[in-house]
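# Geometric and topological summary
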Amino acid sequence: NLDFPDNRLDSIPLLEVVKRIEEVTKAVRPNIVYTHHLSDLNVDHRVCSEAVLTAFRPLPNTNFSAVYGFEVQSSTEWSPTNCFNPNYFVNISEHVEAKNRLMLEYKDELRAFPHPRSLEAIRALATWRGSTAGFEAAEAFMTLQSRWL
């Protein structure tokens, strides 16, 4: 998390966030990068996404194939500028139960159904995303940047 303040990334100059991400990028050299979607309602998500896209500009001598934006229930769909249009799906049919168990680690973030961040709604979204891609369950992503290596 780079020790930035929670829910206050907009108080940090974007360039500082970008530089910290670039430091990690040089050490890790990822091929595929996942970040929040640009239109999330949560300010930290938006700043993070913008900083990641800046850090992964398709410049010479960069080595990544794609940056994908993911959705966060009760953040992506609540944005008045929501333009999350997934075009990349990962089959998680065999992992839905494990995902829900892992979500219990974030119990302070979970809410009671019908809240979008309830276990029931998380499962329902996985089912919906899966049905749009021919799977029983899926995670959906939107390609934000891609390039040939």
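For the structure itself, look to the data block above.
None of the values given here were measured: they were computed from a predicted structure. (Residues numbered from 1 in each chain as written. Predicted model: local features only at pLDDT ≥ 70, side-chain atom pairs only at ≥ 80, totals over all residues. Heavy atoms only, no water.)

## Side note on the overall build of the chain
The helix and strand inventory of the chain stands at four helices and four strands. In the chain, the order of α-helices and β-strands from amino to carboxyl end is α-β-α-β-β-α-α-β. Relative to its length of 149 residues, the chain is compact, with a C-alpha radius of gyration of 16 Å against a globular reference of 15 Å. The C-alpha extent of the chain, read off along each of the three principal axes, is 45 × 35 × 30 Å. For the chain, the residues scored as buried account for 39% of the 149 residues in total. Considering only residue pairs separated by 6 or more positions, the chain has 71% of its internal contacts joining residues 24 or more positions apart. As displayed, the chain has an accessible area near 9300 Å², and 55% of this comes from carbon and sulfur atoms. In the chain, 15 side chains carry a positive charge and 19 a negative one; their mean positions are 5 Å apart. (Helix = DSSP H or I, 4+ residues; strand = E, 2+ residues; numbered from the N terminus. Rg over C-alpha atoms; globule rule 2.2 N^0.38 Å. Buried < 20%, exposed > 50% of the residue type's maximum accessible area, 1.4 Å probe, protein only. Contact = heavy atoms within 4.5 Å. Areas by Shrake-Rupley, 256 points an atom, 1.4 Å probe, with all protein chains shown as cover. Lys, Arg positive; Asp, Glu negative; His and termini not counted. Charge placed at Lys NZ, Arg CZ, Asp CG, Glu CD.)

## Looking at the sheet that holds strand E3 (residues 88-91)
Pairing within the open sheet is mixed, and its four strands lie in the order E1-E2-E4-E3. The sheet is open, and its two borders are formed by strand E1 (32-36) and E3, each paired with just one other strand. Each strand of the sheet is rotated relative to its neighbour by a mean of 35 degrees, with strand direction disregarded. Two strands pair when backbone bridges link them, and E1 and strand E2 (residues 66-70) are joined in this way by five bridges, in the parallel orientation. (Pairing = 2+ DSSP bridges. Axes fitted to C-alpha atoms, helices over the stretch in contact; angles between N-to-C directions.)

## A word on the nonpolar core
Core analysis: the largest hydrophobic core is formed by 16 residues, its most contacted members being Leu9, Val17, Ile21, Val52, Phe56 and Val67. When residues of this core are assigned to their parent elements, the largest contribution, six residues, is made by helix H2 (residues 43-55). Excluding residues that lie within four positions of it along the chain, Leu9 makes contacts with Phe4, Val17, Asp44, Val47 and Cys48. (Core = buried A, V, L, I, M, F, W, Y, C linked by side-chain atoms within 4.5 Å.)

## A look at the state of the cysteines
Within this structure, the stated rule accounts for zero disulfides. Cysteine Cys48 remains unbridged, with the sulfur of Cys83 as its closest cysteine sulfur at 16 Å. (Disulfide = S-S within 2.5 Å.)

## Concerning the packing of helix H1 (residues 14-28) against H2
In contact at an axis separation of 9 Å, H1 and H2 are set at 60 degrees when each is read in the N-to-C sense. It follows from the interaxial angle that H1 and H2 lie oblique. The two elements H1 and H2 meet at a crossing, and its hand is right-handed. From H1, Leu14, Val17, Val18, Ile21 and Glu22 reach across to H2, where they touch Val47, Glu50, Ala51, Val52, Thr54 and Ala55. (Parallel < 35°, antiparallel > 145°, perpendicular 65-115°, else oblique. Left-handed = near helix turned anticlockwise from the far one by under 90°.)

## What about the packing of aromatic side chains?
Summed over the entire model, instances satisfying the criterion amount to six aromatic pairs. On the basis of an interplanar angle of 10 degrees and a centroid distance of 4.4 Å, the ring pair of Tyr68 and Tyr88 is categorised as stacked. Placement of the pair is Tyr68 in strand E2 and Tyr88 in strand E3, with a sequence separation of 20 residues. Classification of Tyr68 by relative accessible area gives buried; the value is 11%. (Phe/Tyr/Trp six-rings, centres within 6.5 Å; stacked < 30°, edge-to-face > 60°.)

Remember, this is a structural readout, not a statement about activity or role.
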